[in-house]
Every structure is written in C-alpha cells, then in structure tokens.
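Each chain, written out:
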Amino acid sequence: MKRLPLMRTAWRNVWRNKRRSAITIAALAVAAGSTVWFMGWGDGFTEKMAEDTVKSGMGHVVVEPKGFEKDPQISEYIDDPAPVVSLIEGTDGVETWAPRVEARGLATTPENSMGAVVFGVDPARERRASVFPNRIVEGSFFGYGDEEGVIIGHKMADVLGVELGDPVGVMVQSLDGEVRAEAYELVGIIRTGNPMFDNGFVILPIAAAQELIGYGSGYNKIAIIAESAGDASKIRDAINDRLPPDDLEALTWYEVSPQAYQFYQMMLVFMGFMLILLIVLASFGVTNTILMSVLERVHEFGVMAAVGLRPFQVFRLIFYEASVLSFIGVVVGLIAGGILTWINSIYGVDLGFWASGVQMTGLLDPVIFFALKPYAFVVTGIAVFFIGVVSSIYPGIKAARFRPVEAMRHV
Amino acid sequence: MTFGDVDMETVVKTENLHKVYSDGLEVEALKGVNLDIERGDFMTIAGPSGSGKTTLLNLIGGLDVPTEGHVFVEGRDLSKMRKSELADLRRTRLGFVFQSFNLIPVLTALENVEFALTLRGVEAGERRDKAVEILKRVGLDEGMINRRPTDLSGGQQQRVAVARAIVGEPALVLADEPTANLDTENALGLLDMMARLNEERGVTFLFSTHDPRVMDRAKRRVTLRDGTVVSDERVSRES
Ligand SMILES: Nc1ncnc2c1ncn2[C@@H]1O[C@H](COP(=O)(O)OP(=O)(O)OP(=O)(O)O)[C@@H](O)[C@H]1O
Ligand SMILES: [Mg+2]
C-alpha cells in the first residue's frame, strides 16, 4: 500500500477548529512549560542548597569523630589532627580544608544572654572554605595575623544590643566539665540571610576556642572543599579507607545535613505531586477535546470507511492529529517555560517570606536562581508529547469503531 | 456458465435479507430480499421513500450488517469478514456515491479523488493524471479541482463523489440517489459516462433512485415496496 496522505489530512483537520486546537495546544503547553519551570526550580534549588550547605562551613566532606553529628559531645574531638590533615592533603580531588571547633554555649552581655553555637575557625583557611568571611557587614573577619576578638550575626548583635568594640561574653562547658567564660571584643558582624547563623552563631578564632574549651591543638571537625562537588563521595570513600577504624569518619555534606536533604526530598515529592496533577489535567483536557472533535466528525469517518479506509487507518489519522497538537503544544510550552525559567535564572525567586522553611534548608540567602538545563527540556518534551499522543488512543479507538452506516447517518 | 453464453457471473447475491432497526421504534426496513446482481448490470432500485433502498445498498456495501440473511460479494459472505477485510473489499472492489456529504472536507476535490487512488496503491504521478482526467470527464471545471468541498456547489460535490467512486474502476458502484442534486445536463453527462464505463469496462452499477432520467438508462429495474422486491424487470434495448 502506498503512503496515504493521512498526515496531511491530520494537519488540515487540526486547523479546522482553531479554537479547540488552541485549547488543546494550550493545555499541553501549560503542562510542558510548568514542568520545565518546576524542573528549573528544583535543579536551581538543589544546586544552591548543595552550594550553600557547603559554603556555610560544612564543606563537601567533613571528617569528625564517629557519631558527632547526631550527638555532639564536648568530649568527642580529634585530639591529634596532624596525621588526619596529612591524609586529607594526600587525597585526590581535595582543594583545601579548614578546621572547626564547635560547641554549644551562651553569648552574654551584662544585661543579656542567649544560646549560641560557638564556632572556632582558622581565619586564614576559612577565607577559602566558607562564605562567612564574605558576609561581614561591619568590621572585619578578624585581622590578618592578630586573630583576636569575636564575630556574631547581626540579629544577635541587635538582641544583645552590642556594637563593634563592645565586649561579648562567651560561655561554654569545657572539656573538664566546668563552665568557662571569656569576654572578647566584637570585631565583626555577619549577615547571611539565614537566621540560624544570623541569630545563633558566635565565631571565634580557633586558638581562642581551643583554649576556652580545653582542646589544646585538637579540632571537632575538619571540613574539606573538593575541587568538584561531584567528587564528594569519592573523597569520602578514599579518606574512610585510610582513617583509623572505630574512631573518625568522613561524611559527605548531604549525610551531615539530613534536614536539608529531607527538605529537598519533601520539595521533590511536592513537585512530583503537582506535576502529576498537571499532567492528569492536561491529558484529561486533551482526551476531551480530541473526543469532541471525533464526535463532531462522525459522518466523515463514515465516508472514509466507505471509501475503504481500515479502522486502524482511521485510528492513525486521529493519532497523527494528536501528534501535531502535541508537538506544537510541546514546542510552545518549552519556549514559554524556557523563557520564564531563564528570567528566574537571572532574577531568581525570593523565598524570604518563608523564613522557617529557609532556615530548615540551611540556605544562606533565600533567593533561588533557577537552573536552565537541556535535559529538563528533553525529558519534558518527550514526556508531554507522549502524554498528548496517549490521550488520543481512546478517541482514536472510538473513531475507528464507528459503524460506517451509523456514521454516515450522522450529519 | 456455459460455453458461448454471455458472462452472467454473479457479483452480488443477497439471501433472505432482513433488516430491523430497533433504536427507539422497531422498523423492519427489509423483509427478506433475494437479489442476484450480475456482472455488467446497470440497474436501478426504485420505490417510495422509506421502502428500504438505502438500507439495501448499505447492506450490500458492507456498511451495515443484516439482522438476518446473507450478502455475498463476488462469492464472499460479508458476515464472515472482519472490519478491516470489509474495508479492503470496499477499497478494492466497490465504489460509493451517497446522496450528500460525500467528501472529506479538508481535502480538495482533486485530493479527494486522489485519496481513493492512494488507497488503491496507485503511484503518485499516475494518480494525479488519472484524478485530473476523471474530474474532467465528470464535468468539473478545471478551476474547481483545487477547491475544498465547502467551496463547491452540491452538484459539483456530487460529481467529485462520482469521480472518486469510479476512478479506481471498481467491480461494483453503489450509488444512492446520485443525481438528486444535479441539473439535467449534468445528470445526463454523468449517466453517459457511467454507461460508458459499464459498456467498455464491464463495471456493474446499482443506483437507488426516483429519477426518471436514471431509470430511463437502466438495463434492469428493481422496485422495492415496504422492504420487499415487488418487481424486477430487464429492459432489452438495442445499441
Ligand atoms: N437508523 C435507522 N433507525 C430506525 N429506522 C431507520 C433507520 N434507517 C432507516 N430506517 C427506517 O427504515 C425504513 C427504510 O429506510 P431507507 O432509508 O432504507 O429508505 P429509502 O428507501 O432509502 O428512503 P428514501 O427514498 O427516503 O431515501 C424507513 O422506514 C426508515 O424510517
Ligand atoms: Mg434513501
């Protein structure tokens, strides 16, 4: 059998009822466009979360005493970091590392006090390992050389009512079980956009923190920055292979920060749900409009049957019509969704209104820049096209099943 | 079939054909029709409105199924054929002309005729020439062939439908009141052409009609009344 002009016929049929075709195309375009947009948001969000988690002191990989993350005991620390450091420096893919001392404590002034995480850092190393040095809004990130003083978040400074130069008391439980307090001069104020830091962090030079707690030259953690984020698990494994067992362990950032990961997965479930809803709606709409167009042309299918078109050829005609509609819908949707995503990849979306959620994710500033990734377009294009043509199966079967004479009587 | 006889091979045979429509009121449209249509027949089925002409044509063409009885087309029992086989039969052996709404609206006159040829597997180049020629022969003006049905008059549409039905030179053409929308000149022109196809190529024609212009040309006239055949006469004529 020669090739029938079914495709040409389908193409013309599509343009017969422009309004209805426009509705079908719009339904598919909305599905495709929002899917791309959602995926751009999801990818942008993940990227930012990974980046921010890493930048907010976690590093790509962290080496710490086993179980420290779940139950940070003051007694758990790396008392002899030198061999660990040389192990880290000898691992492929490591760009840099930075030591940490972390303890729960209080920040105090004569009038006020509030709970805080005391965060001891090596100022020189920190400049390459986290974003905090860049988030100083007043003062400096300690000096170069004379590493003294304390840095707190801008909200904490407000609550405590302190300004640069004022003394801030820091109180912790030390290694020997006693409560120790020391006053430091406020040398810097940071603002990250995340209340967890802006309202709860006290940053000390690591030597001061070590002395206060009584760690000597020990650290609680060593954060590792990888040359490439994708290498995190490789680096973790390489280090774990050579670490003394039962003592220390290396973890990737997403293992350390399960809340962020859980939040991300929650977002994924939510987005998945939205998309399924959208897709069900779209396919319902497409099925409906195609069915309507089939029911309007019953007579014509009778003529086709009389001329000798096989039922399957009638089915194919409807299938081609759906293909044309789906193709146009997908193209329109991808372009529109792409433009929106592109705009959001430049201007971002501010989640500032949703502080509790933001805090949970550990994001530094609550602005998400969407990711514009080719795979999202490919996956979405194929999926929505597929949905469009699948939606034509039922109407197509219906058209193929019309009994010619009944169809002919239909005007 | 004896040696020396005229070829009186049966193209269509109906056996005790009954059709009851039962959507809503029960109507027995055909009440046992037995009819043999021979190859080369040029015949009309006449009868008052509602006598069952359209019903009979539809059953013969396999467009509908009888309530009782059988239709054989070239010896094959339609009731034993699947839908796609019926479609194949219609495509290869039959041509249809209906009273109205005959054409595929999104295709031009030429494309409608070509469509039938494509279905029969005719090559593109030959297809176009054949379609153009047949449209000329049914009297459609050159300028009309690229119009869509909605831009043609009823008579013009009818001519395109006839062209489409006969272009593939089917064994049997079933035409339901084909001249109803035509003026005398066009009606006679169409009939001439169909008569010529009948004479030269042996194509069998079955018309349902009230039109005396068609009845005049018939070689055989069947009359239906109330779903039964009340007369079946062969017209002998010289020529
Ligand atoms: N789908 C149907 N449902 C119910 N009754 C029908 C149906 N089609 C035809 N009939 C009835 O069957 C009978 C025969 O109809 P048919 O269309 O075959 O007549 P006809 O001879 O072609 O008439 P006309 O000259 O008006 O075209 C009529 O009584 C008609 O009302
Ligand atoms: Mg009729």
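Engineer: Residues and numbers for the nonpolar core, please.
Structural biologist: Of all hydrophobic cores here, the largest spans 72 residues; its most connected members are A:F301, B:L135 and B:F205. The element contributing the most residues to this core is helix 12 (residues 311–347) of chain A, with 9 residues. Once residues within four sequence positions are removed from consideration, B:F205 is found in contact with B:D41, B:F42, B:M43, B:I166, B:V173, B:M194, B:L197 and B:N198. Core analysis: the second largest hydrophobic core is formed by 45 residues, A:V150, A:V202, A:L204 and A:A208 among them.

Engineer: Tell me about the sheet that holds strand 2 (residues 27–38) of chain B, and please be specific about residues and values.
Structural biologist: Residue and element names in this part refer to chain B. A sheet is described by the order of its strands in space; here 4 strands give the open sequence 2-1-4-5, paired in antiparallel fashion. Looking along the sheet, the strands with just one partner apiece sit at the ends: strand 2 and strand 5 (76–77). When strand 1 (residues 10–21) meets strand 4 (residues 68–73), the two strands line up antiparallel, connected through 5 bridges. Considered in strand 4, the bridge of H18 is made with E68.

Engineer: Describe unusual backbone geometry, with residues and values.
Structural biologist: Residue and element names in this part refer to chain B. A positive phi is found at E177, a non-glycine position, where the angle reads about 50°. Of note, D226 is a non-glycine position whose phi angle comes to about 55°, a positive value. Its place among the elements puts D226 in the loop between strand 9 (220–225) and strand 10 (228–234). Given the relative accessible area of 52%, D226 is considered exposed.

Engineer: Would you mind going over the environment of A:I387 in detail, with residue names and values included?
Structural biologist: With respect to the element layout, A:I387 can be found in helix 14 (residues 374–390). Each residue touching A:I387, except ones within four places of it in the same chain, is listed here: A:I279 and A:S283.

Engineer: Residue-level account of the confidence of the model for chain B, with values.
Structural biologist: All names here are of chain B. Confidence along chain B averages 87 in pLDDT terms, with 95% of residues attaining 70 or more. Mean pLDDT values for the elements of chain B range from 86 in helix 6 (residues 184–201) up to 95 in strand 4. Every residue in residues 1–7 scores below 50 in pLDDT, and together they form 2 contacts with partners more than four places removed in sequence or on other chains. Interface confidence for the predicted complex, expressed as ipTM, amounts to 0.79; the pTM equals 0.73.

Engineer: An account of the pairing of strand 6 (residues 167–173) of chain A is needed here, citing residue identities and associated values.
Structural biologist: Both faces of the sheet carry side chains from a regular strand, because those side chains alternate between them. All names here are of chain A. The pairing of strand 2 (residues 94–108) with strand 6 spans 4 bridges and is classified as antiparallel. Bridge assignment links L106 to a residue of strand 6, and that residue is M171. Two elements, strand 6 and strand 7 (residues 179–190), share 7 bridges in a ladder whose sense is antiparallel. Residue P167 lies in a different strand from strand 7, and its bridge partner there is E185. Between strand 6 and strand 7, which pair antiparallel one after the other, the connecting turn spans 5 residues, and G177 there sits at a positive phi close to 90°.

Engineer: Summarise the side chain of A:T109; cite the residues concerned and give the values.
Structural biologist: Looking at the secondary structure, you find A:T109 in the loop between strand 2 and strand 3 (113–121). Not counting residues up to four positions away in its chain, the partners in contact with A:T109 are A:L160 and A:V162.

Engineer: Report on the domain arrangement of chain A, specifying residues and quantitative values.
Structural biologist: The domain architecture assigned to chain A consists of domain 1 (3–53 + 261–409) and domain 2 (73–219). Just the C-alpha atoms count here: the centres of domain 1 of chain A and domain 2 of chain A sit 51 Å apart.

Engineer: Could you give an account of helix 12 of chain A, with specific residues and numbers?
Structural biologist: Along an α-helix, residues three or four apart share an orientation, since each turn contains 3.6 residues. In a regular helix each residue adds 1.5 Å, so 37 residues correspond to 54 Å; helix 12 of chain A covers 53 Å between its end C-alpha atoms and thus fits that length. Where helix 12 of chain A terminates, the next one or two residues include A:G348, which has phi positive at roughly 70°.

Engineer: Which residues make up a nonpolar patch on the surface, and what values go with them?
Structural biologist: Residues and elements named next belong to chain A. A surface patch of nonpolar side chains, amounting to about 910 Å² of accessible area, comprises F327, V331, I335, I339, W342, I343, I346, Y347 and L372. Here L372 shows up in the loop between strand 12 (367–368) and helix 14. By relative accessible area, L372 is classed as partly exposed at 40%.

Engineer: Tell me about the environment of A:G33, and name the residues and values.
Structural biologist: Residue and element names in this part refer to chain A. Locating G33 in the fold gives a position in helix 2 (residues 18–58). G33 gets classed as buried once you look at its relative accessible area, which sits at 9%. Distance in space between the C-alpha atoms of G33 and V303 is 39 Å, their sequence separation being 270 residues. Ignoring anything within four residues of it in the chain, the contact list for G33 reads G333 and G337.

Engineer: Please set out the packing of helix 12 of chain A against helix 14 of chain A residue by residue, giving values where relevant.
Structural biologist: Residue and element names in this part refer to chain A. The N-to-C vectors of helix 12 and helix 14 enclose an angle of 150°; their axes lie 8 Å apart at closest approach. It follows that helix 12 is roughly antiparallel to helix 14 by the angle criterion. Crossing angle aside, the handedness with which helix 12 passes helix 14 is right-handed. Along its contact with helix 12, which presents F319, A322, S323, S326, F327, V330, L334 and G338, the element helix 14 presents F377, T380, G381, V384, F385, G388 and V389.

Engineer: Describe helix 15 (residues 393–401) of chain A, listing the residues and the values that go with them.
Structural biologist: For helix 15 of chain A, the full list of buried residues reads A:P395, A:G396, A:A399 and A:A400. The buried residues of helix 15 of chain A all sit within an arc of 135° when viewed along its axis, so they share a single face.

Engineer: I'd like to hear about the sheet that holds strand 7 (residues 172–176) of chain B, residue by residue, with values.
Structural biologist: All names here are of chain B. Taken together, the 6 strands give an open sheet; going across it, the order is 6-7-8-3-9-10, and neighbouring strands pair in mixed fashion. One side of each edge strand has no neighbouring strand; the edge strands of this open sheet are strand 6 (94–97) and strand 10. Pairs of neighbouring strands in the sheet enclose a mean axial angle of 15°, with direction left out of account. Relative to the sheet, helix 2 (residues 83–93) contacts strand 6 and strand 7, its axis offset from that of strand 6 by approximately 85°. Where helix 6 meets the sheet, it contacts strand 3 (42–46) and strand 8 (204–208), and its direction lies at approximately 145° from that of strand 8.

Engineer: Got a sec to walk through the interface of chain B and chain A? Specific residues and values, please.
Structural biologist: With 32 residues of chain B in contact, the opposing surface of chain A contributes 32 residues. Summing both partners gives a buried area of about 2800 Å² for chain B against chain A, and 65% of it is carried by carbon and sulfur. The tally of links from chain B across to chain A stands at 3 salt bridges. For the salt bridge of A:R12 with B:E111, the shortest nitrogen-to-oxygen distance reads 2.3 Å. Applying the counting rule to chain B against chain A returns 6 residue pairs in polar contact (both at pLDDT 80 or more). Of all the secondary-structure elements, those providing two or more residues to the side of chain B that touches chain A are helix 2 and helix 3 (109–119) of chain B. For the side of chain B that touches chain A, the leading source of residues is helix 2 of chain B, giving 6 residues. When grouped by side-chain class, the residues that make up the side of chain B that touches chain A number 16 nonpolar, 7 polar and 9 charged.

So, how was this worked out
- Residues numbered from 1 in each chain as written.
- Chains lettered and ligands numbered in written order.
- Predicted model: local features only at pLDDT ≥ 70, side-chain atom pairs only at ≥ 80, totals over all residues.
- Heavy atoms only, no water.
- Core = buried A, V, L, I, M, F, W, Y, C linked by side-chain atoms within 4.5 Å.
- Buried < 20%, exposed > 50% of the residue type's maximum accessible area, 1.4 Å probe, protein only.
- Helix = DSSP H or I, 4+ residues; strand = E, 2+ residues; numbered from the N terminus.
- Contact = heavy atoms within 4.5 Å.
- Pairing = 2+ DSSP bridges.
- pLDDT = per-residue confidence, 0-100.
- Domains from an automatic or database assignment.
- Expected span 1.5 Å × (residues − 1).
- Patch = residues over 30% accessible without salt bridge, like charges linked within 9 Å, V, L, I, M, F, W, Y side chains within 5 Å.
- Areas by Shrake-Rupley, 256 points an atom, 1.4 Å probe, with all protein chains shown as cover.
- Salt bridge = Lys/Arg side-chain N within 4 Å of Asp/Glu carboxyl O.
- Axes fitted to C-alpha atoms, helices over the stretch in contact; angles between N-to-C directions.
- Parallel < 35°, antiparallel > 145°, perpendicular 65-115°, else oblique.
- Left-handed = near helix turned anticlockwise from the far one by under 90°.
- Arc of directions from axis to C-beta.
- Buried area = accessible area lost by both parts, 1.4 Å probe.
- Polar contact = N/O pair within 3.5 Å; in protein donor to acceptor, adjacent residues only side chain to side chain.
- Nonpolar A, V, L, I, M, F, W, Y, C, P; charged D, E, K, R; others polar.

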